[in-house]
Protein chains: 2
Amino acid sequence: MKIDNYIELYKNKTFESMNLHFKSKEIFPGGINHNIRYFKPYPFYTVKAKGKFLTDIDGNKYIDFWNGHWALILGHSPKMVSDKLKKQVKRGTLYGTANESSIKLGEMINKAMPLAENIRFSSTGSEATMYAIRLARAKTRKRFIAKVIGGWHGFNSNLLQSVNYPYEVDEGIGLIEDENQFIESIQFNDLDRSLKVLESIKDDLAGIIVEPILGGAGCIIPKEGYLEGLQEFARQNDSLLILDEIVTGFRHSFSGAMNHYKLEPDIFTLGKIIGGGLPIGAVCGKKEVMSLADMTNKSDKRMYCSIGGGTFSANPITMTAGYTTLKFLKKNPTVYEKINSLGDLARNELSKLFKELKIDVKITGYGSLFMIHFLNDKVREINNALDSALTNNELLFNYQFALIAKYNIFFLPLKMGAFSHAHEKEDVYKLLEATREIFQNNKARIAHT
Amino acid sequence: MKIDNYIELYKNKTFESMNLHFKSKEIFPGGINHNIRYFKPYPFYTVKAKGKFLTDIDGNKYIDFWNGHWALILGHSPKMVSDKLKKQVKRGTLYGTANESSIKLGEMINKAMPLAENIRFSSTGSEATMYAIRLARAKTRKRFIAKVIGGWHGFNSNLLQSVNYPYEVDEGIGLIEDENQFIESIQFNDLDRSLKVLESIKDDLAGIIVEPILGGAGCIIPKEGYLEGLQEFARQNDSLLILDEIVTGFRHSFSGAMNHYKLEPDIFTLGKIIGGGLPIGAVCGKKEVMSLADMTNKSDKRMYCSIGGGTFSANPITMTAGYTTLKFLKKNPTVYEKINSLGDLARNELSKLFKELKIDVKITGYGSLFMIHFLNDKVREINNALDSALTNNELLFNYQFALIAKYNIFFLPLKMGAFSHAHEKEDVYKLLEATREIFQNNKARIAHT
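Observations regarding the side chain of Glu 171 of chain A
Within the secondary structure, Glu 171 of chain A sits in the loop between β5 (144-148) and β6 (183-186). Among the polar contacts made by the side chain of Glu 171 of chain A, one reaches the main-chain amide nitrogen of Asn 164 of chain A at a distance of 2.9 Å. The contacts of Glu 171 of chain A, once residues within four sequence positions are left out, are Leu 160, Gln 161, Ser 162, Val 163 and Asn 164 of chain A together with Lys 301 and Ser 306 of chain B.

In structure tokens, the structure reads:
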């Protein structure tokens with residue numbers, strides 16, 4: 001089937017979504033409240049989400065591999081979380097004061113990730129990474145921050161640079177050069193080149209911020225030695241390693257990727273999973289760094305690093321959802337076995353299938369995260385964001401759109417998928433079956449429209 | 001009673017809070033997740049909030065004039081909101097996709113505030129003001145932002161300057177000079193001096209950001225002509241007026257302060273009340289500005305202004321709480337009559353009382369917002385943040401602490417109070433009675449300890 005036919009199929013089943021999108025465009029720029037949530041010809045409009053399913057306003061029920069930006073490790077509105085939330089909404093959603101629920105979640109994280117010696121909760125990941133940068137600069141009294149090309153750390157002005165291809169072009173208008181003159185970009189998985197860049201700024205290098213697995217840029221696993229090399233460089237040069245674990249924290253085990261890769265960051269950020277589906281961010285780290293944020297009993301502003309917080313930080317709804325989620329994960333380590341093996345199954349079976357179909361792909365990922373890259377003459381390996389950007393993303397979009405249009409399988413187009421505790425093997429098989437059908441007779445056509 | 005005795009009283013009734021604070025300090029820098037939530041000797045720890053009451057872990061029940069950072073205009077967990085939330089938590093907390101609930105809240109805001117021609121939801125106010133700045137720079141292709149001395153627009157790096165006394169000192173370590181070289185500060189309510197500063201940067205002035213009522217800096221009302229003068233200057237110089245209505249939006253009427261002061265900002269920000277007690281921020285404005293954030297169908301990054309969004313933007317829990325709150329306010333305009341007249345009553349009666357007690361105060365505020373300033377030889381009027389900073393804040397703290405310790409009346413120390421729909425006249429009388437008792441025989445003693 002040609003991509004045009006899939007668009008026809010999609011339009012036929014999403015009539016009410018189309019109407020809502022017209023309305024939505026009148027109110028919101030582009031009709032959306034987060035750029036990546038848009039896809040052509042228009043996104044469907046969700047009215048309900050339960051377990052592994054998203055239901056749109058036309059009643060279509062999608063198997064969801066997006067899982068709320070990969071935050072919902074237990075699937076949508078798991079009963080134990082919604083039961084607790086039903087009680088908490090009656091006891092308050094925003095105390096605006098110190099509260100007990102934040103201590104419970106904080107202690108839970110601290111026990112699971114001992115390097116979270118101290119924690120500061122914010123309401124989003126964008127805030128957490130911004131505060132991480134500020135703390136690193138405060139601790140080292142240096143200015144430069146190195147970030148990975150294609151690395152995604154949210155929409156804050158401090159780190160909105162070299163995110164999208166072409167990486168040398170500013171991330172849109174309205175950002176001023178002077179703000180980002182102390183950000184330097186390094187190539188993921190290329191330690192030699194990265195070290196050369198770092199070497200050139202080492203005297204003024206406050207920190208290196210890196211996702212252990214490149215998430216938004218294409219589900220890219222670090223090569224052995226890369227992250228360790230960055231850590232080593234940071235240590236030798238009195239700079240800090242800032243690990244952005246917003247996606248990976250509690251994703252692969254009841255800990256972070258730092259555990260798997262044996263890293264000891266000075267600062268790290270969390271978000272997504274630890275909020276149990278409610279807004280959260282967290283900057284964590286060693287006491288000697290985090291204590292800079294303690295402004296109690298200090299009268300002089302030059303004695304501390306001012307970070308949020310914010311009106312909604314440590315609110316009891318988020319704290320309750322996060323704590324309930326982590327408590328379940330702690331008590332049920334089989335969740336990780338299950339979702340990681342679903343990831344293995346998907347990667348293995350998809351690889352086999354595409355081989356059989358003679359379609360040149362590379363399936364990346366680790367544990368419950370996975371992504372299909374359609375290779376071409378330019379790209380044979382997926383080692384960094386540029387590789388991923390130069391694969392056949394038109395084909396990837398058409399494939400993922402076909403999954404949505406005909407098979408009610410949802411990946412946010414061009415983004416990796418994640419398994420949650422709500423998924424089962426049958427979901428992998430459905431994905432395989434749909435993939436086979438899409439490509440079996442239509443490879444050429446779907447690829448070239 | 002001396003302040004020492006109030007501390008004794010407080011310690012006696014907050015034993016469990018003290019224990020929790022020890023625990024909390026082990027995990028969170030300063031024991032808190034938002035700097036202003038700390039007060040000496042330690043804050044109480046909330047376990048429940050309902051209507052006008054906060055209940056701490058020791059069972060103390062405080063009349064709350066802080067209302068979740070002034071966000072909870074209907075009081076804590078009003079039934080109509082918690083009923084809707086109980087249903088929504090079962091239908092999903094984070095769709096991660098376009099959704100219908102965001103359109104409902106967006107349309108509601110747009111109808112109430114027609115200048116919100118377009119809206120982008122974020123998850124916090126700090127994000128909203130950061131995006132407002134970015135949009136202003138994108139629209140004008142200029143760099144400077146003018147902000148008011150003492151103006152509070154959140155923890156984002158773009159606007160964390162001249163917030164706290166002494167204003168010329170950086171807001172803590174870790175902020176680099178180069179980030180803020182394009183921020184210029186102006187004195188609230190001093191139009192001549194402000195215009196002189198603006199004049200000096202007019203060719204490169206992207207926008208002026210201002211709270212219509214200085215909130216965090218001391219509940220300070222604009223003098224007639226001040227905000228209009230800033231707007232006029234912005235218009236004449238192709239700069240934008242950015243009104244930060246995060247505190248004032250839907251606070252005094254079913255609209256913004258812009259309605260009361262007859263302003264027409266190009267961009268304005270909302271937060272707090274519109275989230276109904278859940279995390280939110282919003283940047284709103286004219287289509288010609290907001291459309292810059294529309295990146296759909298644009299392949300070149302230089303064609304749009306990249307703003308969030310974020311994982312949690314437009315999540316259905318926040319959207320539901322916000323919509324339910326605004327719908328109730330729309331249907332019940334008497335809420336505003338009630339809370340505004342409670343504010344009038346408090347201001348009038350407190351003024352009378354302090355006059356009678358021969359204590360020199362200035363009560364500022366408007367509608368449901370109010371604040372007591374203890375004057376001294378240095379300060380006779382409260383026109384700007386500096387005035388407020390130079391009043392007798394030690395006395396203010398001791399007074400507000402006495403209210404907490406002995407009378408179970410809670411203001412976040414040194415911050416203004418707000419009335420919610422859950423408050424009644426009796427709460428004003430309780431405040432008056434407590435105030436009389438605190439000062440009647442102890443004026444000298446509480447003032448000088």
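A closer look at the domain arrangement of chain A
All names here are of chain A. For chain A, the assigned domains read domain 1 (20-68 + 352-373 + 383-447) and domain 2 (92-331). A separation of 28 Å is found between the C-alpha centroids of domain 1 and domain 2. Between domain 1 and domain 2 the total buried area reaches about 1800 Å² when both faces are included, carbon and sulfur atoms providing 65% of it. For the domain 1 face of the interface with domain 2, the top three residues by lost area are Tyr 366, Asn 383 and Ala 385, together amounting to 33%. At the junction of domain 1 with domain 2, the criterion picks out zero salt bridges. The tally of links from domain 1 across to domain 2 stands at eleven residue pairs in polar contact (both at pLDDT 80 or more). Of all elements in the fold, only β11 (361-366), β12 (369-374) and α13 (385-390) reach the threshold of two or more residues within the side of domain 1 that touches domain 2. Of all the elements, α13 adds the most residues to the side of domain 1 that touches domain 2, at five residues.

Some points on the relation of the copies chain A and chain B
When chain A is fitted to chain B, the residual RMSD is 0.0 Å, and the transformation amounts to a turn of 180 degrees plus an axial shift of 0.0 Å. Taken together, the rotation and translation relating the two chain copies correspond to the operation of a two-fold axis. When you check the interface residues of chain A against chain B, 100% turn up at the interface there too, and the contact is symmetric in its surfaces.

Some details on the interface of chain A and chain B
Contact residues are listed per partner, giving 118 residues for chain A and 118 residues for chain B. Here chain A packs against chain B, burying approximately 10300 Å² in sum over the two surfaces, 59% of which is carbon and sulfur. Summed over the shared surface of chain A and chain B, the number is four salt bridges. Where Lys 287 of chain B meets Glu 26 of chain A, a salt bridge forms, and the shortest distance between an N and an O atom there is 3.2 Å. For the pair chain A and chain B, the interface holds 65 residue pairs in polar contact (both at pLDDT 80 or more). Of all the secondary-structure elements, those providing two or more residues to the side of chain A that touches chain B are α2 (15-27), β1 (46-50), α3 (67-70), α4 (79-91), α5 (100-112), β4 (118-122), α6 (125-140) and α10 (287-290) of chain A. Looking at side-chain class alone, the side of chain A that touches chain B contains 51 nonpolar, 40 polar and 27 charged residues.

With respect to the packing of helix α7 (residues 191-201) of chain A against helix α8 (residues 226-236) of chain A
How two helices sit against one another is set out by the angle between their axes and by the gap between those axes. Residues and elements named next belong to chain A. Running from N to C, α7 and α8 point in directions that differ by 20 degrees, and their axes come no closer than 10 Å. Taken as axis vectors, α7 and α8 run roughly parallel relative to one another. For the pair α7 and α8, the crossing hand works out as right-handed. Contact with α7, carried on its side by Leu 191, Ser 194, Leu 195, Leu 198 and Glu 199, involves Tyr 226, Gly 229, Leu 230 and Phe 233 of α8 and no other residues of that element.

Examining the sheet that holds strand β7 (residues 205-210) of chain A
Residues and elements named next belong to chain A. The strand order across the open sheet built from seven strands is β4-β10-β9-β8-β7-β5-β6, with neighbouring strands paired in mixed fashion. Single-partner strands in this sheet number two, and they are β4 and β6. On average, each strand axis in the sheet is inclined to that of its neighbour by 20 degrees, with strand direction left out of account. Across four bridges, β5 lies against β6 in parallel orientation.

Concerning the pattern of salt bridges
All chains considered together, the criterion is met by 38 salt bridges over all chains. For Arg 193 of chain A, the salt bridge identified is with Asp 190 of chain A, shortest N-O distance 3.9 Å. On the basis of relative accessible area, Asp 190 of chain A is assigned to the partly exposed category, the value being 24%. Across the salt bridge formed by Glu 264 of chain B and Arg 235 of chain B, the nearest N and O atoms sit 3.6 Å from each other. Separated by 29 residues along the polypeptide, Glu 264 of chain B in the loop between α9 (257-260) and β9 (267-271) and Arg 235 of chain B in helix α8 (residues 226-236) bring together distant segments of the chain. Residue classification places Glu 264 of chain B among the partly exposed residues on the basis of a relative accessible area of 43%. Within this structure, Lys 52, Glu 426 and Asp 427 of chain A form a network of salt bridges that share partners.

Concerning helix α1 (residues 3-13) of chain A
Taken as a whole, α1 of chain A has its buried residues at Ile 3, Tyr 6, Tyr 10 and Lys 13 of chain A. Projected onto a plane normal to the axis of α1 of chain A, the buried residues spread over an arc of 85 degrees and lie on a single side.

Things to note about the sheet that holds strand β3 (residues 61-64) of chain B
Within the open sheet, the four strands sit side by side as β1-β2-β3-β13 (chain B). Their pairing is mixed. Every interior strand has two partners, whereas the edge strands, β1 (46-50) and β13 (409-410) of chain B, have only one.

Thoughts on α5 of chain A
Under the 1.5 Å per step criterion, the end-to-end length of α5 of chain A is 19 Å for 13 residues, consistent within 8% with the ideal 18 Å. Residues of α5 of chain A that are buried: Ser 101, Ser 102, Ile 103, Leu 105, Gly 106, Met 108, Ile 109 and Ala 112 of chain A. Those residues of α5 of chain A hidden inside the fold are in contact with β4, β9 (267-271) and α11 (316-331) of chain A together with α2 (15-27) of chain B.

Details of the state of the cysteines
Every disulfide links exactly two cysteines, by a covalent bond between their sulfur atoms. Summed over all chains, the structure comprises zero disulfides over all chains. No disulfide involves Cys 305 of chain A; its sulfur sits 15 Å from that of Cys 284 of chain A, the nearest cysteine.

Some remarks on the packing of helix α1 (residues 3-13) of chain B against helix α14 (residues 393-407) of chain B
Residue and element names in this part refer to chain B. Across the interface, α1 lies against α14 with an axial gap of 9 Å and an inter-helix angle of 35 degrees. Crossing handedness for the pair α1 and α14: left-handed. Contacts between α1 and α14 pair Ile 3, Tyr 6, Ile 7, Leu 9, Tyr 10 and Lys 13 from the former with Asn 398, Phe 401, Ala 402, Ile 404, Ala 405 and Lys 406 from the latter. By residue class, the composition of the contact of α1 with α14 is nine nonpolar, one polar and two charged.

Re a positive patch on the surface
A cluster of basic side chains, namely Lys 48, Lys 50 and Lys 61 of chain A together with Lys 84, Lys 87, Lys 90, Arg 91, Lys 104, Lys 327 and Lys 331 of chain B, defines a positive patch on the protein surface. Within the residue set of the positive patch, elements represented by two or more residues are β1 of chain A together with α4 (79-91) and α11 (316-331) of chain B. For the positive patch, the element with the highest residue contribution is α4 of chain B, accounting for four residues. The topology assignment puts Lys 331 of chain B in helix α11.

So, the environment of Thr 93 of chain A
Along the polypeptide, Thr 93 of chain A turns up in the loop between α4 and α5. Thr 93 of chain A sits 225 residues away from Thr 318 of chain A along the chain, and the two C-alpha atoms are 8.5 Å apart. Discounting residues that sit within four places of it in the chain, Thr 93 of chain A has contacts with Asn 315, Pro 316 and Ile 317 of chain A together with Leu 85, Gly 276, Gly 277 and Leu 278 of chain B. Within the local environment of Thr 93 of chain A, its side chain forms a polar contact with the backbone oxygen of Gly 277 of chain B, the two atoms lying 2.9 Å apart.

Some points on the side chain of Asn 158 of chain A
Of note, Asn 158 of chain A is situated in the loop between β5 and β6. At 2.6 Å, the side chain of Asn 158 of chain A and the side chain of Ser 157 of chain B are in polar contact. With near-sequence residues (within four places) excluded, Asn 158 of chain A lies in contact with Met 130, Ile 133, Arg 137, Asn 180 and Ile 183 of chain A together with Ser 157 and Glu 179 of chain B.

What counts, and where the lines are drawn
- Residues numbered from 1 in each chain as written.
- Chains lettered and ligands numbered in written order.
- Predicted model: local features only at pLDDT ≥ 70, side-chain atom pairs only at ≥ 80, totals over all residues.
- Heavy atoms only, no water.
- Helix = DSSP H or I, 4+ residues; strand = E, 2+ residues; numbered from the N terminus.
- Polar contact = N/O pair within 3.5 Å; in protein donor to acceptor, adjacent residues only side chain to side chain.
- Contact = heavy atoms within 4.5 Å.
- Domains from an automatic or database assignment.
- Buried area = accessible area lost by both parts, 1.4 Å probe.
- Salt bridge = Lys/Arg side-chain N within 4 Å of Asp/Glu carboxyl O.
- Least-squares fit on C-alpha atoms with pLDDT ≥ 70 in both.
- Nonpolar A, V, L, I, M, F, W, Y, C, P; charged D, E, K, R; others polar.
- Axes fitted to C-alpha atoms, helices over the stretch in contact; angles between N-to-C directions.
- Parallel < 35°, antiparallel > 145°, perpendicular 65-115°, else oblique.
- Left-handed = near helix turned anticlockwise from the far one by under 90°.
- Pairing = 2+ DSSP bridges.
- Buried < 20%, exposed > 50% of the residue type's maximum accessible area, 1.4 Å probe, protein only.
- Arc of directions from axis to C-beta.
- Expected span 1.5 Å × (residues − 1).
- Disulfide = S-S within 2.5 Å.
- Patch = residues over 30% accessible without salt bridge, like charges linked within 9 Å, V, L, I, M, F, W, Y side chains within 5 Å.
- Areas by Shrake-Rupley, 256 points an atom, 1.4 Å probe, with all protein chains shown as cover.
- Lys, Arg positive; Asp, Glu negative; His and termini not counted.
- Charge placed at Lys NZ, Arg CZ, Asp CG, Glu CD.

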